[in-house]
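Coordinate analysis (summary)
One-letter residues, chain by chain:
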Amino acid sequence: MVSMKDIAAACGVSVATVSKALNNQDDIGEETKRRVRNAAKELGYHPNASARALKTNRSYNLGVLYKEASGSGLTHDYFSQILEHFRSTAEHAGYDITFLSNSKIRKDRMSYLEHTIYRGMDGVMIAVADYSDPEVTQLLDSKLPVVTVDYLYNGRIAVMSDNVEGMEKLLSYIYAQGHREVAYIYGEDSMVTANRLSAYYRFFENNHIAIREELLQKGRYRDSYTAGMLTHKLLALSPAPTCIVYADDFSAIGGMNAIKDRGLRVPEDISIAGYDGILMASQLEPQLTTYRQDTSGIGCMAAQKLISLIENPRATPIVQCMMGGELVLGGSVAPVAAC
């Protein structure tokens with residue numbers, strides 16, 4: 001087996017220099033790094049993970065807790081993009097990722113915290129979870145480095161999509177098109193939902209528009225069937241809304257189908273808007289007006305903050321990182337005069 005000592009002999013440098021070059025440390029030149037890495041590749045050198053773990057007291061393994069209620073798993077557009085950018089950032093820093101599980105099917109079932117200890121994980125990113133679950137609370141209250149996504153927990157770093165800003169930008173555009181009867185089909189109870197609802201109420205109150213509670217309907221995230229049923233309910237109101245905002249783009253597709261079932265057209269007869277900015281939204285006809293969340297920034301930031309907590313805990317502040325997004329103007333929202 002090729003060792004760092006073999007690489008050092010081939011390059012005419014010390015073993016310490018080889019170690020620094022392979023770990024991309026700043027106190028040696030780029031040319032030396034290049035020469036050492038080329039020699040390591042030619043000699044077939046592979047770092048020993050066990051030896052590195054013994055030396056650094058770290059496993060270079062990050063846990064990911066991802067358990068969302070809709071059942072869409074890793075096909076969930078929003079979270080899958082966050083996870084992909086979390087993974088790529090972690091791997092670039094030399095870390096692997098492992099999904100946490102407490103499956104009741106397994107005979108050797110462990111809690112989330114027990115799983116992290118069993119696997120020797122250095123830290124965990126909670127992408128989505130049931131925060132009322134005692135096992136999630138146990139993990140959050142442990143001494144393990146943890147970063148949450150879209151959820152605030154005392155004493156933990158949180159990386160948040162700015163849902164208040166997102167709703168305000170979306171509603172401001174809809175308002176500018178002359179819409180005053182704006183319905184909102186929102187998702188299940190969560191911090192994300194609460195922030196978006198607060199933004200809805202505040203926007204219309206600040207614009208001195210009376211809020212019709214029947215225009216607010218509770219649905220489910222990524223549930224096109226429920227969104228379609230609630231769309232039928234909203235269209236039966238008198239007066240009916242001139243625009244419907246959906247909790248996510250996937251739900252907006254269900255709403256669009258319900259509108260077509262009633263012989264109506266988007267946006268000629270009624271306007272609609274989504275949320276998330278998934279790829280599918282840009283392929284609809286008409287293209288969906290939506291708010292695109294910064295999944296790349298959220299995933300990268302979550303990995304960077306978690307690794308910083310692991311590698312330099314005393315100098316890593318416990319902060320809430322708020323990530324913005326962008327309004328995507330499609331063709332699904334028309335001026336009221338055109339409706």
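Please refer to the structure placed before this passage.
The paragraphs below set out a description of the structure included in this document.

How each quantity is defined
Residues numbered from 1 in each chain as written. Predicted model: local features only at pLDDT ≥ 70, side-chain atom pairs only at ≥ 80, totals over all residues. Heavy atoms only, no water. Helix = DSSP H or I, 4+ residues; strand = E, 2+ residues; numbered from the N terminus. Contact = heavy atoms within 4.5 Å. Lys, Arg positive; Asp, Glu negative; His and termini not counted. Charge placed at Lys NZ, Arg CZ, Asp CG, Glu CD. 1 Å grid on protein atoms, 1.4 Å probe; cavity = no way out; pocket = protein on both sides within 12 Å on 5 of 7 lines; lining within 4 Å. Points joined across faces, edges and corners; volume = space filled by probe spheres on them. Nonpolar A, V, L, I, M, F, W, Y, C, P; charged D, E, K, R; others polar. Expected span 1.5 Å × (residues − 1). Buried < 20%, exposed > 50% of the residue type's maximum accessible area, 1.4 Å probe, protein only. Polar contact = N/O pair within 3.5 Å; in protein donor to acceptor, adjacent residues only side chain to side chain. Axes fitted to C-alpha atoms, helices over the stretch in contact; angles between N-to-C directions. Parallel < 35°, antiparallel > 145°, perpendicular 65-115°, else oblique. Disulfide = S-S within 2.5 Å. Phe/Tyr/Trp six-rings, centres within 6.5 Å; stacked < 30°, edge-to-face > 60°. Pairing = 2+ DSSP bridges.

1. Focus on the overall build of the protein chain
- Along the protein chain, the regular secondary structure elements total twelve helices and twelve strands.
- With respect to the principal axes defined by its C-alpha atoms, the protein chain has extents near 80 × 45 × 35 Å.
- Summarising the internal contacts of the protein chain: among those between residues at least 6 apart in sequence, 68% fall at separations of at least 24.
- Computing the positive centroid from 34 side-chain charges and the negative centroid from 39, the protein chain places the two 6 Å apart.

2. Here we look at empty space enclosed by the protein
- Following the criterion strictly, the structure yields four cavities of 30 Å³ or more and no others.
- Forming the walls of the second largest cavity are Arg-180, Glu-181, Val-182, Tyr-200, Phe-204, Ile-209, Ala-210, Ile-211, Arg-212 and Leu-215.
- A per-class count over the lining of the second largest cavity returns seven nonpolar, no polar and three charged.

3. Considering helix α10 (residues 224–235)
- With twelve residues, α10 extends 16 Å from end C-alpha to end C-alpha; this agrees with the ideal 16 Å at 1.5 Å per step.
- Among the residues making up α10, those that are buried are Ala-227, Gly-228, Leu-230, Thr-231, Leu-234 and Leu-235.
- As for α10, its buried residues are in contact with β6 (182–186), β7 (216–218), β8 (243–246) and α11 (249–261).
- For α10, the N-terminal capping position is held by Asp-223, with its side-chain oxygen 3.2 Å away from the main-chain nitrogen of Tyr-225.

4. Describing the packing of helix α2 (residues 15–22) against helix α3 (residues 30–43)
- Running from amino to carboxyl end, α2 crosses α3 at an angle of 95 degrees, the nearest separation of the two axes being 9 Å. The pairing of α2 with α3 is recorded here as roughly perpendicular in orientation. Listed contacts from α3 to Thr-17, Val-18, Ala-21 and Leu-22 of α2 are Thr-32, Lys-33, Val-36, Arg-37 and Ala-40.
- Each residue belonging to the contact of α2 with α3 can be placed in one class, and the counts come to five nonpolar, two polar and two charged.

5. Considerations on the state of the cysteines
- Under the counting rule described, the total for this entry stands at zero disulfides.
- Not part of a disulfide, Cys-321 finds its nearest cysteine sulfur in Cys-300, a span of 13 Å.

6. Some details on the environment of Ala-21
- The topology assignment puts Ala-21 in helix α2.
- Ala-21 sits 130 residues away from Tyr-151 along the chain, and the two C-alpha atoms are 39 Å apart.

7. Things to note about the packing of aromatic side chains
- Summed over the entire model, instances satisfying the criterion amount to eleven aromatic pairs.
- Between Tyr-60 and Tyr-95, the aromatic rings sit 5.1 Å apart at their centres with planes inclined by 45 degrees, giving tilted as the arrangement. Of this pair, Tyr-60 sits in the loop between α4 (49–56) and β1 (61–66) while Tyr-95 is found in the loop between α5 (77–92) and β2 (96–99), placing the two residues 35 residues apart along the sequence. By the burial criterion, Tyr-60 is buried, and Tyr-95 matches it.

8. As for the sheet that holds strand β11 (residues 320–323)
- Strand order in the open sheet formed by six strands is β2-β1-β3-β4-β5-β11, with parallel pairing between adjacent strands. Two strands in the sheet have a free side with no partner beyond their single neighbour: β2 and β11. Strand-to-strand twist across the sheet, computed as the mean angle between neighbouring axes with direction ignored, equals 20 degrees.
- In terms of strand pairing, strand β4 (residues 146–149) meets strand β5 (residues 157–161) through three bridges, oriented parallel. Considered in β5, the bridge of Val-149 is made with Val-159.
- α5 contacts β1, β2, β3 (123–128), β4 and β5 of the sheet and is inclined by roughly 175 degrees relative to β1.

9. Side note on unusual backbone geometry
- Here Val-266 and Pro-267 are connected by a cis peptide whose omega angle stands at 5 degrees.
- With an omega dihedral of 0 degrees, the bond running from Glu-285 to Pro-286 counts as a cis peptide bond.
- Checked against the element boundaries, Pro-286 lands in the loop between β9 (271–273) and β10 (290–293).
- In this model, His-208 sits at a positive phi of 55 degrees, which is unusual for a non-glycine residue.

10. Comments concerning the pairing of β5
- Counting buried residues in β5 gives five out of five residues, a clear majority hidden from the surface.
- The alternating pattern of β5 places Ile-157, Val-159 and Ser-161 on one face and Ala-158 and Met-160 on the opposite face, and all of these are buried.
- For β5 and β11, the ladder comprises four bridges, and the chain directions are parallel. Following the sheet pairing, Ala-158 is matched in β11 by Gln-320.

11. Things to note about the sheet that holds β8
- The sheet built from four strands is open, its strands ordered β7-β6-β8-β9 with parallel pairing. Looking along the sheet, the strands with just one partner apiece sit at the ends: β7 and β9. Strand after strand, the sheet turns through a mean of 15 degrees between neighbouring axes, direction not considered.
- As paired elements, β6 and β7 share three bridges and run parallel to each other.

Spatial relationships are all this shows, so hold off on functional conclusions.
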